[in-house]
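Observations on the three-dimensional arrangement
One-letter residues, chain by chain:
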Amino acid sequence: MKQATLHQLKVFEAAARHSSFTRAAEELFLTQPTVSMQIKQLTKSVGLPLFEQVGKRLYLTEAGRELFATCRQIFENIAQYEMKVADLKGLKQGQLRLAVITTAKYFIPRLLGPFCKLYPGIDISLQVTNHEQILERMSSNLDDLYIMSQVPDSMDVTCEPFLENPLIVFAPINHPLSKEKNIPIQRLSNEPFIMREPGSGTRRAVQSLFEEQGVTVKVKLELGSNEAIKQAIAGGLGISVLSRHTLLLDASEFSILDVQHFPIERNWYMVYPSGKQLSIVARAYYEYLLGAAKNFVRQNADTTSSTLEPTHG
């Protein structure tokens, strides 16, 4: 192990966590051949195989499992050291690691910008992914804070709501239902529907409401991003349910249908594992976000006011 480098250990840890060289390469912004080479060099340094492939699946060997556990301890110790150094430096320097649900990309950068101007010495790492990947990152303790709209009930976490996140029914600008009021939710079963991919928190919330109301929709498309869904709606391929925050830049391109039981009232939460000690940088952003979100709502009220319809129970 004398010739093993910290970079090789990071590559190995990512590959072991994902059970995939390809996904490790995507996470670390490396090519797959680079990941393979780093693993090969680390394996040579250890002197024992670290992975074995059975069929198409990749598994850790006993030596690999031991090294994976050791890597987790090493990176946790490094993170604790970085936290102590950041505390010693105050807010002049440090790193903030955020992981956010895809929909949060519409507003989190706007809330990061002023914070970065206040503390220009702080480096920001921002990961944007779906609900399942957020849970995976949280269980691996890869980030300081997580921004999500559905707090996991399977994990012991600390959470704080900081911004409303209503889900509304999007339709093309000239949709026949756009001029109607108090539309029965059952009418949606007659419309081609565009749904987020499995694993999306938005999809779970929508499906829960539909099941509760006995509504079955005709799913025409399943798409993996809000932007793809918005383009499909604008192209007349169907209707969908998305967060109101996705309207911040192009509210004029869509109709918001006044459907009973909508909007689905949800919140954005700041989340981190219970027992985790936040660094001074993470704590500062946590407190900053609570205040900045209130100003954000006021500043954007005019932009989206035309999309806000009364809730019909």
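Per an unreviewed UniProt entry, the chain goes by DNA-binding transcriptional regulator, LysR family and derives from Nostoc flagelliforme CCNUN1. Its UniProt record, at the heading Sequence similarities (unreviewed entry), says of the chain: "Belongs to the LysR transcriptional regulatory family."

In this section: the confidence of the model for the chain. Of the residues in the chain, 92% have a pLDDT of 70 or more, and the chain-wide mean is 86. This model gives residues 302-313 a pLDDT under 50, and the stretch forms 23 contacts once residues within four places in sequence are excluded.

Residue position: Gly 238 is located in the loop between helix 8 (226-234) and strand 10 (240-243). Classification of Gly 238 as buried rests on a relative accessible area of 5%. A C-alpha to C-alpha distance of 33 Å links Gly 238 and Asp 153, two positions 85 residues apart in sequence. Setting aside residues no more than four positions away along its own chain, Gly 238 makes contact with Pro 172, Pro 192, Ile 194, Ala 232 and Ile 233.

Here the chain is partitioned into domain 1 (6-85), domain 2 (92-163 + 267-302) and domain 3 (165-266). Contacts between the two partners involve 10 residues from domain 1, matched on the other side by 12 residues from domain 2. Taken together, the two surfaces of domain 1 and domain 2 that pack against each other cover about 830 Å², and 37% of this comes from carbon and sulfur. Seen at the junction of domain 1 and domain 2, the total is 1 salt bridge. Among the ionic pairs, Arg 23 bridges to Glu 136, the shortest N-O distance being 4.0 Å.

Formed by 37 residues in total, the largest nonpolar core has its most connected members in Leu 96, Phe 107, Ile 108, Ile 147, Phe 162, Trp 268 and Tyr 285. Where this core is concerned, the elements lending two or more residues are strand 3 (94-101), helix 5 (108-118), helix 6 (131-139), strand 5 (145-148), strand 6 (157-164), strand 12 (267-273) and helix 9 (280-304). When residues of this core are assigned to their parent elements, the largest contribution, 9 residues, is made by helix 9. Beyond its immediate stretch of four places on either side in the chain, Ile 147 contacts Ala 99, Val 100, Ile 101, Ala 104, Ile 108, Phe 162, Trp 268, Tyr 269, Met 270 and Leu 289. Membership of the second largest hydrophobic core comes to 21 residues, among which are Met 195, Ala 205, Val 217 and Leu 257.

Next up on the list: the pattern of salt bridges. Applying the stated criterion across every chain, the model contains 9 salt bridges. In this structure, Arg 97 engages Asp 144 in a salt bridge whose closest nitrogen and oxygen atoms are separated by 3.3 Å. Of the two residues, Arg 97 is situated in strand 3 and Asp 144 in the loop between helix 6 and strand 5; the sequence distance between them amounts to 47 residues. Close ionic contact of Arg 203 with Glu 222 constitutes a salt bridge, the shortest N to O distance being 3.1 Å. Taken together, the positions of Arg 203 in helix 7 (residues 201-213) and Glu 222 in strand 9 (residues 218-223) put the pair 19 residues apart, joining distant regions of the chain.

Attention now goes to the sheet that holds strand 3. Strand order in this open sheet of 5 strands is 4-3-5-12-6, and the pairing throughout is mixed. Two strands in the sheet have a free side with no partner beyond their single neighbour: strand 4 (122-129) and strand 6. Strand after strand, the sheet turns through a mean of 25° between neighbouring axes, direction not considered. The pairing of strand 6 with strand 12 spans 7 bridges and is antiparallel. Note that in strand 12 the partner of Cys 159 across the bridge is Val 271.

Two elements in contact, helix 1 (residues 6-18) and helix 2 (residues 21-28), have axes separated by 8 Å at closest approach and are oriented at 125°. If you check the angle between helix 1 and helix 2, you find them oblique. In this structure, helix 1 meets helix 2 at a crossing whose hand is right-handed. In contact with Lys 10, Val 11, Ala 14, Ala 15, Arg 17 and His 18 of helix 1, helix 2 contributes Phe 21, Arg 23, Ala 24, Glu 27 and Leu 28. Grouping the amino acids of the contact of helix 1 with helix 2 by side-chain chemistry returns 6 nonpolar, 1 polar and 4 charged.

Here is what the cut-offs are and how they apply
- Residues numbered from 1 in each chain as written.
- Predicted model: local features only at pLDDT ≥ 70, side-chain atom pairs only at ≥ 80, totals over all residues.
- Heavy atoms only, no water.
- UniProt positions renumbered as here; feature names shortened; annotations may be inferred.
- pLDDT = per-residue confidence, 0-100.
- Contact = heavy atoms within 4.5 Å.
- Helix = DSSP H or I, 4+ residues; strand = E, 2+ residues; numbered from the N terminus.
- Buried < 20%, exposed > 50% of the residue type's maximum accessible area, 1.4 Å probe, protein only.
- Domains from an automatic or database assignment.
- Buried area = accessible area lost by both parts, 1.4 Å probe.
- Salt bridge = Lys/Arg side-chain N within 4 Å of Asp/Glu carboxyl O.
- Core = buried A, V, L, I, M, F, W, Y, C linked by side-chain atoms within 4.5 Å.
- Pairing = 2+ DSSP bridges.
- Axes fitted to C-alpha atoms, helices over the stretch in contact; angles between N-to-C directions.
- Parallel < 35°, antiparallel > 145°, perpendicular 65-115°, else oblique.
- Left-handed = near helix turned anticlockwise from the far one by under 90°.
- Nonpolar A, V, L, I, M, F, W, Y, C, P; charged D, E, K, R; others polar.

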